[in-house]
Amino acid sequence: MGKRMFTMIGAGCLVILVVVMGLYFFTDFGHTPKPGTTNESKSSASTTSTVVKSSTSESSNEKTEDDKVANLVAEMSTKEKVGQLFLARVPVENALSDIQDYHLGGYLIFGRDVEGKTYDEVQSTIAQYQETSEVPMLIAADEEGGTVSRVSRNSQLVATPFQSPQDLYAQGGWDAITKDTTDKAGILKELGIDAGLFPVADVATDPNAFIYDRTIGQDAKGTAEYVTTVVKALKKAHSGSTLKHFPGYGNNQDSHTDIVTDTRSMTELEDNDLVPFQAGIDAGVDSILVSHNIVNAIDDSVPASVSSPVHDLLRKDMGFDGVIMTDDMDMAGLADFMSQEEAGLKALQAGNDLILSSTYASQIPYVLQAIEDGEYSEKDLDASVTRVLNWKEELGLLAE
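Since we're looking at a predicted model, the values are computed, not measured.

K.L.:
Could you give an account of the pairing of strand β3 (residues 138-141), with specific residues and numbers?
P.N.:
Consecutive residues of a regular strand have side chains that alternate between opposite faces of the sheet. Alternating residues of β3 divide into L138 and A140 and I139 and A141, and every residue in both groups is buried. Across four bridges, strand β2 (residues 106-109) lies against β3 in parallel orientation. In the strand pairing of β3, L108 is matched with A140.

So, in structure tokens, the structure goes:
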């Protein structure tokens, strides 16, 4: 009986010893963790997991936004796509029916459209445009400040007209520019205006130059800083930014009234005029407006707005992938050069994404016929529509 008991006790002890040794070797039981291992490693793994999840989430959001635009483009008819490429001047008549008939991408508001109207009336009118349009419209107005301001000339809309960049800078430097840009963006946004079509990126130091009063009035470096300041402030305020007038007006005459030829060398343009535009692109500008000036150093055959080499310079050499738009197509610099119907098509073929136009009623059918005839490809059409819709998405319009 005693022997048997001792044998059983011995066997039990042996089992316990085996279990303890297993715990010791396979779980590090009784060991002191080395720095950087065990719990620290678990913490590191957890952090890595969080980063991966965050990164995946961001990629997922970007993909969702891309999918939204891609799906919208895929659902559109050719006529609807072409209409998106027109930022039309608000017509005197049929403003609502034209939105539906031509599927217009946006309306450009001028002084006559807000003259004598109250704040509520302007808000209500713009809201009607949006309610009428199947795809949210881009509503824009020239609000550079100073000599070119559409909305703020009406004291019922803005207590004091927007000041020019030069006046603001003289009063308070870049801080004054930033504050004015933020305030202006807020006012426009409340009215329903998505883009003020500024800042002016032209370098002009001669007070006698046509464009001088609309600029910051500084050299290339100062103008680049102005452009960067405004673009960043607009981006923070979720308001559309537009650099103009590419590739730079210089001290040339007014293309509103004449066909203008710029004879400066490419070196001069690169060292001077293109500097602020590159600064704006680097700052993340949404869109760039191209002038009607004939710039000999880039293309001496046609105005910049309908020149492929000018647009290639923007896309390929300067790396801009946002929306490119024309200046007003009715200006003499282009209107006296070619017919409006032809100009609309030529502008798209050159690489523009948006046409600023009053004659969209004749230009759109002309473009549609060109697509049917194989003169303007569906691929290029889709690329431009995608850029326009991406801009609208970034401004929060497609969420409405």
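Past the structure itself, the notes keep going.
K.L.:
Break down the packing of aromatic side chains for me, citing the residues and quoting the values.
P.N.:
Taken as a whole and assessed by the stated rule, the structure comprises five aromatic pairs. Ring geometry for F210 versus Y249: centroids 5.4 Å apart, planes at 55°, classification tilted. One end of the pair, F210, is in the loop between α7 (165-191) and α8 (220-236); the other, Y249, is in the loop between β6 (242-246) and β7 (261-262), and 39 residues separate them in sequence. Taking relative accessible area as the criterion, Y249 reaches 1% and is therefore assigned buried. Seen from their ring centres, F246 and F277 are 5.1 Å apart, and the 90° between their planes marks the pair as edge-to-face. Here the residue F246 occupies a position in strand β6, and F277 occupies one in helix α9 (residues 266-282), the gap between them amounting to 31 residues. With respect to class, F246 is no different from F277; both count as buried.

K.L.:
Go over the sheet that holds β3 with me, naming the residues and quoting the values.
P.N.:
Adjacent strands of a sheet form backbone hydrogen bonds with each other and so pair up, either parallel or antiparallel. Spatial strand order, β3-β2-β1-β11: four strands in an open sheet with parallel pairing. Both outer strands of the open sheet, β3 and β11 (355-357), are each paired with one neighbouring strand and no more. For this sheet, the mean angle separating the axes of adjacent strands, direction not counted, is 25°. Where strand β1 (residues 86-89) lies against β11, three bridges are found, and the strand directions are parallel. Paired with F86 across the strands is I355, a residue of β11. Sheet contacts for helix α13 (residues 360-372): β1 and β11; angle to β1, the most-contacted strand, approximately 160°.

Parameters at a glance
Residues numbered from 1 in each chain as written. Predicted model: local features only at pLDDT ≥ 70, side-chain atom pairs only at ≥ 80, totals over all residues. Heavy atoms only, no water. Buried < 20%, exposed > 50% of the residue type's maximum accessible area, 1.4 Å probe, protein only. Helix = DSSP H or I, 4+ residues; strand = E, 2+ residues; numbered from the N terminus. Pairing = 2+ DSSP bridges. Phe/Tyr/Trp six-rings, centres within 6.5 Å; stacked < 30°, edge-to-face > 60°. Axes fitted to C-alpha atoms, helices over the stretch in contact; angles between N-to-C directions. Contact = heavy atoms within 4.5 Å.

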